[in-house]
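Structural characterization, general
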Amino acid sequence: MSSLTIFAALLLVTFVGSIPLFKMDRKRSPLTYFLFSGTGFLLLGVLISPNGLGLISTDVLSHLRPLIHFGLGWIGFLYGFQLEWRYLKRIPPGWFLSAGTLFFFPALMLTVMGWFLVIALTQFFHFSVSVAISFVVILAVLLSESCTAFVFWAMRRYRYAGRQYRMCCFVAAIDNFFPILVAAILPLLVSTGASGLNAFFSLGLQVGFGIISGYVVHYMVRKVEDPLEVSTILFGLVFALSGAAYLLRFSMLFVTMTAGITFTNFTRRHAWFQKRLTPVEKPLYLLFMIALPVYAFPIGWAPLVVALLLVLGKYWSKRVAIAFTRPWHYAPSRFTKQAAFLLLPMSGIGPAVLLEIHERFQTKWMAWATAVFVFALLIGEWTGTVGFFRTVGKKEKS
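Bear in mind that the values here come from a model prediction, so they are computed numbers and not experimental data.

1. Side note on the overall build of the protein chain
- Counting secondary structure elements, the protein chain contains 20 helices and zero strands.
- Looking at the 398 residues of the protein chain, the share that counts as buried comes to 55%.
- For the protein chain, contacts bridging at least 24 residues in sequence account for 85% of all contacts bridging at least 6.
- Approximately 17500 Å² of the protein chain is accessible, and the part contributed by carbon and sulfur atoms is 69%.

Okay, structure coming up:
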């Protein structure tokens, strides 16, 4: 099958798949979430990957690299575009502290768990100390973040709009920042062996490059009113910015996120741009779900067991973190164990981060990290939906 044919097929599948098949609130079943989360597209990627039918390979994926680069840049830009200071300053400061607790405590616990699992399964993970640390850190960060789409799905399905659900939406939205930050620092440390000082110097260069680029984007579209012209300019600028970041060995996600933050805080037409930029987001996430399994990764009991234990560790660490925040004055008054299920599934930013690291270098530890993440993503979504469904059912019966 030619690269052009595969390119067209992937675009068709992702754009058609992003159209809702039916309303979310018709049936009260946890299975409806899987039609909208992208899990089916992840399984499709596994099916057509070298681990499955072998219909697509990394050689074919290399021809799709411009599309992937644009997708990474666009996702980073859109996420940064949401971080508008005029909105963030209205949020109580305690919410940021609570969000940090609900992310960093599970990340710390998963780092410790992952380290002991690597030691216990040394016959599978033949890693050096530095590589083992990178393997554990990237999984801990990716698995600790949560999925905003799942929280919105739960709120819409059960028509709950309490403070607990708003808090979970905020936590899930904020903690996507940290995987993008890891995508900017970790590849530099692993691939070049640079010191921590050089890594942070490179991070500073990426921040400066992103800020300048964000202002350039604002300057180019500040007086443009036609929606089609605005979209064309933004697509071109983000694509050029992603390509420049790739050539400079910068993180495409981080640089474009910084540009998005700069742009959204300069423009006065935030709502106008938001309405026109977000429709492209979901098809790109679905493309990442299909493309990630194309990078061959081991399928066996070892990554499955690691993923299962890490998801279990994430759930209980979220429960402990919720218990920590409950006595505080800014904690939601009804912050129950449902929040642990709401924050259990991982978002689409994880596949984007792994794809970007794959673009920088491909090693054995990245293949193992991808395998564990794919299993954890499937387990987390199933456990989160079923667990939340059961807790809501018990609440309604009582």
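2. So, the pattern of salt bridges
- For the coordinates displayed, the defined rule picks out one salt bridge.
- The partner of Arg 86 in a salt bridge is Glu 84, with the nearest N and O atoms 2.8 Å apart.
- For Arg 86, a relative accessible area of 34% corresponds to the partly exposed category.
- According to the relative accessible area criterion, Glu 84 is buried, its value standing at 11%.

3. As for the packing of aromatic side chains
- Applying the stated criterion across every chain, the model contains 18 aromatic pairs.
- When the centroid spacing of 5.9 Å and the interplanar angle of 65° are considered together, the rings of Trp 95 and Phe 170 count as edge-to-face. A residue pair is termed long-range when its members are at least 10 positions apart, and Trp 95 in helix H7 (residues 93-120) and Phe 170 in helix H10 (residues 163-174) qualify at 75 residues.
- The exposure class of Trp 95 is buried, given its relative accessible area of 11%.
- Look at Phe 170 and you get buried, because its relative accessible area is 7%.

4. What about the packing of H7 against helix H8 (residues 129-144)?
- Contact geometry for H7 and H8: axes closest at 8 Å, N-to-C directions at 140°. Overall, the two elements H7 and H8 adopt an arrangement that is oblique. You can see that H7 and H8 cross each other, and the crossing is right-handed. Between H7 and H8, the contacting residues are Phe 103, Pro 106, Ala 107, Leu 110, Thr 111, Gly 114, Trp 115 and Val 118 on the first element and Val 129, Ala 132, Ile 133, Phe 135, Val 136, Ala 140, Val 141, Leu 143 and Ser 144 on the second.
- Its residues placed into classes, the contact of H7 with H8 shows 14 nonpolar, three polar and no charged.

5. Some remarks on the nonpolar core
- Within the largest apolar cluster, 120 residues are counted, with the highest numbers of intra-cluster contacts made by Phe 135 and Ile 138.
- When residues in this core are grouped by element, the largest group, twelve residues, is from helix H20 (residues 364-397).

6. Observations regarding a nonpolar patch on the surface
- The grouping of Leu 108, Met 109, Val 112, Trp 115, Phe 116, Ile 119, Val 129 and Ile 133 at the surface amounts to a nonpolar patch, some 730 Å² of accessible area in total.
- Listed by contribution, the elements that provide at least two residues to the nonpolar patch are H7 and H8.
- The leading source of residues in the nonpolar patch is H7, at six residues.
- Within the element layout of this structure, Met 109 appears in helix H7.

7. What about the environment of Val 171?
- With respect to the helices and strands, Val 171 occurs in helix H10.
- Judged by its relative accessible area of 0%, Val 171 falls in the buried class.
- Taking the C-alpha atoms as reference points, Val 171 and Thr 101, 70 residues apart in sequence, are found 9.6 Å from one another.

8. Comments concerning helix H16 (residues 281-291)
- By the criterion of burial, H16 is predominantly enclosed, with nine of the eleven residues buried.
- Turning to H16, its buried residues are Glu 281, Pro 283, Leu 284, Leu 286, Leu 287, Phe 288, Met 289, Ile 290 and Ala 291.

9. Some details on the confidence of the model for the protein chain
- When pLDDT is averaged along the protein chain, the result is 79; 80% of the residues meet or exceed 70.
- Averaged pLDDT values over the elements of the protein chain bottom out at 64 in helix H1 (residues 3-17) and peak at 92 in helix H14 (residues 252-266).
- Scored below 50 in pLDDT, residues 21-26 makes ten contacts in the model with residues more than four places away or belonging to other chains.

Cut-offs and rules
- Residues numbered from 1 in each chain as written.
- Predicted model: local features only at pLDDT ≥ 70, side-chain atom pairs only at ≥ 80, totals over all residues.
- Heavy atoms only, no water.
- Helix = DSSP H or I, 4+ residues; strand = E, 2+ residues; numbered from the N terminus.
- Buried < 20%, exposed > 50% of the residue type's maximum accessible area, 1.4 Å probe, protein only.
- Contact = heavy atoms within 4.5 Å.
- Areas by Shrake-Rupley, 256 points an atom, 1.4 Å probe, with all protein chains shown as cover.
- Salt bridge = Lys/Arg side-chain N within 4 Å of Asp/Glu carboxyl O.
- Phe/Tyr/Trp six-rings, centres within 6.5 Å; stacked < 30°, edge-to-face > 60°.
- Axes fitted to C-alpha atoms, helices over the stretch in contact; angles between N-to-C directions.
- Parallel < 35°, antiparallel > 145°, perpendicular 65-115°, else oblique.
- Left-handed = near helix turned anticlockwise from the far one by under 90°.
- Nonpolar A, V, L, I, M, F, W, Y, C, P; charged D, E, K, R; others polar.
- Core = buried A, V, L, I, M, F, W, Y, C linked by side-chain atoms within 4.5 Å.
- Patch = residues over 30% accessible without salt bridge, like charges linked within 9 Å, V, L, I, M, F, W, Y side chains within 5 Å.
- pLDDT = per-residue confidence, 0-100.

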